[in-house]
Amino acid sequence: MRALVLIALLAGPAAAEAFQPPSGLYCPEGADVPAVVIGPGPGEVGIDLMECHGARISGGRVTSRQCYGNGGTAVPYEAELVLLPSGVLLHDGVRFRRRPAGGPCP
């Protein structure tokens with residue numbers, strides 16, 4: 001019985017999301033570009049001034065069929081977004097570091 005529970009836990013969504021960046025505000029380092037926001041809910045990503053829902057971060061890319069910009073129309077979105085082992089995000093050649101406490105990016 002315990003083995004079945006362990007297998008179910010390993011195969012479930014929690015295991016699939018183990019490599020996702022933690023929720024939070026990621027500030028750019030050395031570039032004047034908008035921040036990246038992960039979460040707070042699953043599949044929510046704010047990137048390139050777009051608000052994406054149902055987003056998936058996998059294989060060094062972020063993809064979503066439902067992103068909203070200033071016009072309010074849902075559009076698909078795909079871009080490079082790499083989670084480095086250090087926890088830093090890499091997007092369009094810019095490093096984004098998670099801001100540990102509240103407040104805007106410096």
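Not measured: the values here are computed from a predicted model.

**Some points on the pairing of strand β1 (residues 24–28)**
Most of β1 is tucked away: four of the five residues are buried. When β1 meets strand β10 (residues 94–98), the two strands line up antiparallel, connected through three bridges. Bridge assignment links Y26 to a residue of β10, and that residue is R98.

**Some remarks on the nonpolar core**
Among the nonpolar cores identified, the biggest contains 17 residues, and I47, V62 and Y77 are the most heavily contacted of them. When residues of this core are traced back to their parent elements, those giving at least two are β2 (36–38), β3 (45–47), β4 (50–53), β6 (61–68), β7 (74–80) and β10. Excluding residues within four positions of it along the chain, I47 makes contact with V36, C52, V62, Y77, L81 and H91.

**Things to note about the environment of L83**
Among the structural elements, L83 can be located in strand β8 (residues 82–83). Residues L83 and G60, spaced 23 residues apart in sequence, show a C-alpha to C-alpha distance of 7.2 Å.

**A few points about the state of the cysteines**
For the structure on display, the rule yields two disulfides. A sulfur-sulfur distance of 2.1 Å marks the disulfide that ties C27 to C105. Since a negative S-S torsion denotes a left-handed disulfide, the C27-C105 link at about -90° is left-handed. With C27 in strand β1 and C105 in the segment after β10, this pair connects stretches of sequence that are 78 residues apart. A disulfide bridge connects C52 with C67, and the sulfur atoms are separated by 2.0 Å. Between C52 and C67, the S-S dihedral sits near 110°, and the bridge is therefore right-handed. You can see C52 sitting in strand β4 and its partner C67 sitting in strand β6, a full 15 residues away along the chain. In this structure C67 comes out as buried when scored by relative accessible area, which is 0%. Once the disulfide-bonded cysteines of the chain are ranked by sequence position, their pairing pattern turns out to be 1-4, 2-3.

Thresholds applied
- Here the residue numbers are simple positions, counted from 1 along each chain's written sequence.
- Note on the predicted model: pLDDT of at least 70 is required for a residue's local features to be given, and 80 or more for side-chain atom pairs to be given and counted; whole-chain, interface and lining totals, by contrast, use all residues.
- Note that the side-chain values use all heavy atoms of the structure and ignore hydrogens as well as water.
- Classification of residues uses two cut-offs on accessible area relative to the type maximum, computed with a 1.4 Å probe and protein chains only: under 20% is buried, over 50% is exposed, and between them is partly exposed.
- Only DSSP runs of H or I covering at least 4 residues are called helices, and only runs of E covering at least 2 are called strands; the numbering of each starts at the N terminus.
- Two strands are said to pair when DSSP picks up at least two bridges between them.
- Definition of nonpolar core: a set of buried residues of the types Ala, Val, Leu, Ile, Met, Phe, Trp, Tyr and Cys, connected through side-chain atoms within 4.5 Å.
- The contact criterion used is simple: two residues touch if any of their non-hydrogen atoms lie within 4.5 Å.
- To count as a disulfide, a pair of cysteine sulfur atoms needs to be within 2.5 Å.

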